[in-house]
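Examining the three-dimensional arrangement
Here are the chains, one letter per residue:
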Amino acid sequence: MAQEVIDLTIEPDGFTATVTGQPMAMPRPRLGSHFYNPARNIMNAFARSVRDQIPELSTGILFERNQPIAVDITFYMRRPNHHFRGRIRGNGRLKTTSGMVTACKPDIDNLAKFVLDSLKGVAYADDSQVVKLVLYKIMDSEGECNGATKVQIKRFNKIVDM
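Attention here is on the structure that accompanies the text. (Residues numbered from 1 in each chain as written. Predicted model: local features only at pLDDT ≥ 70, side-chain atom pairs only at ≥ 80, totals over all residues. Heavy atoms only, no water.)

Broken down by element type, the chain carries four helices and seven strands. Listed by position from the N terminus, the elements making up the chain come as β-β-β-β-α-α-β-α-β-β-α. A buried classification covers 37% of the 162 residues belonging to the chain. Counting only contacts in the chain whose residues sit at least 6 apart along the sequence, the fraction spanning at least 24 positions is 74%. Accessible area for the chain stands at about 9,400 Å²; split by element, carbon and sulfur atoms hold 51% of it. (Helix = DSSP H or I, 4+ residues; strand = E, 2+ residues; numbered from the N terminus. Buried < 20%, exposed > 50% of the residue type's maximum accessible area, 1.4 Å probe, protein only. Contact = heavy atoms within 4.5 Å. Areas by Shrake-Rupley, 256 points an atom, 1.4 Å probe, with all protein chains shown as cover.)

Spelled out as structure tokens, the structure:
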């Protein structure tokens, strides 16, 4: 399934974007004839889906190298079929006994690394600019519950953000 931005809010100090699709963790580098990142194409698609929706990103990065940023990411994990009545996905078919919080794989730090590395060079110069990082991993409860990633990136304001 192609990733697309389904919700976008642009603010003076940053933006919030929700990208469809099961959140993906950053895989370990692989060794062939040289080391490579097996997720590079998926990371580029994620970054492209955000960049194409934000006009300010088409001319360069939003946050220059010396600007500290705060990042808030919510991972909406795809629900397994047994969370639905009759194991059939669809609106209104989610069992009321299905929980919201998940402690399953992938690890939240690897999910965050995928997003941060994907947006490096697109929204900000380097992920070392991130001075505040807030992460949530919950089960998706919208539509067919196929998962999404909501990313909020804004200029860090030490008075408000601490």
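Here the narrative resumes, following the displayed structure.
A few words on helix α3 (residues 108-119). End to end, α3 covers 17 Å across 12 residues, agreeing with the expected 16 Å (1.5 Å per residue, within 8%). When α3 is considered as a whole, its buried residues turn out to be L111, A112, F114, V115, L116, D117, S118 and L119. The inward-facing, buried residues of α3 abut α1 (40-51), β5 (69-77), β6 (130-139) and β7 (148-155). Of the residues trailing α3, G121 is marked for its positive phi of about 85°. (Expected span 1.5 Å × (residues − 1).)

We now examine unusual backbone geometry. Following K105, the chain continues into P106 via a peptide bond in cis, with omega recorded as 0°. Among the structural elements, P106 can be located in the loop between β5 and α3.

For strand β2 (residues 14-20), the tally of buried residues reaches seven of seven residues, placing the bulk of the element in the interior. Relative to β7, β2 is paired through seven bridges, and the arrangement is antiparallel. Directly across from F15, in β7, lies its bridge partner I153. (Pairing = 2+ DSSP bridges.)

One finds V115, L119, Y124 and I153 to be the most contacted residues of the largest nonpolar core, which totals 30 residues. Contributions of two or more residues to this core are made by β2, α1, β5, α3, β6 and β7. With six residues, α3 is the largest single contributor of residues to this core. Residues in contact with Y124, not counting those within four places in the same chain, are I61, F63, I69, V115, L116, L119, Q129 and I153. (Core = buried A, V, L, I, M, F, W, Y, C linked by side-chain atoms within 4.5 Å.)

This paragraph deals with the pairing of β6. Where β5 and β6 come together, nine bridges link them in parallel fashion. What sits directly across from A70, in β6, is K132. Viewed along the sheet, the connection from β5 through α3 into β6 turns out right-handed. (Right-handed = clockwise from strand over helix to strand, strands pointing away.)

Now for the pattern of salt bridges. With the rule as written, the count across this model stands at three salt bridges. D127 serves as the salt-bridge partner of K113, at 3.6 Å between the closest nitrogen and oxygen. On the criterion of sequence distance, the pair formed by K113 in helix α3 and D127 in the loop between α3 and β6 is long-range, its members being 14 residues apart. Among the ionic contacts, a cluster of salt bridges with common partners joins K113, D117 and D127. (Salt bridge = Lys/Arg side-chain N within 4 Å of Asp/Glu carboxyl O.)

Spatial relationships are all this shows, so hold off on functional conclusions.
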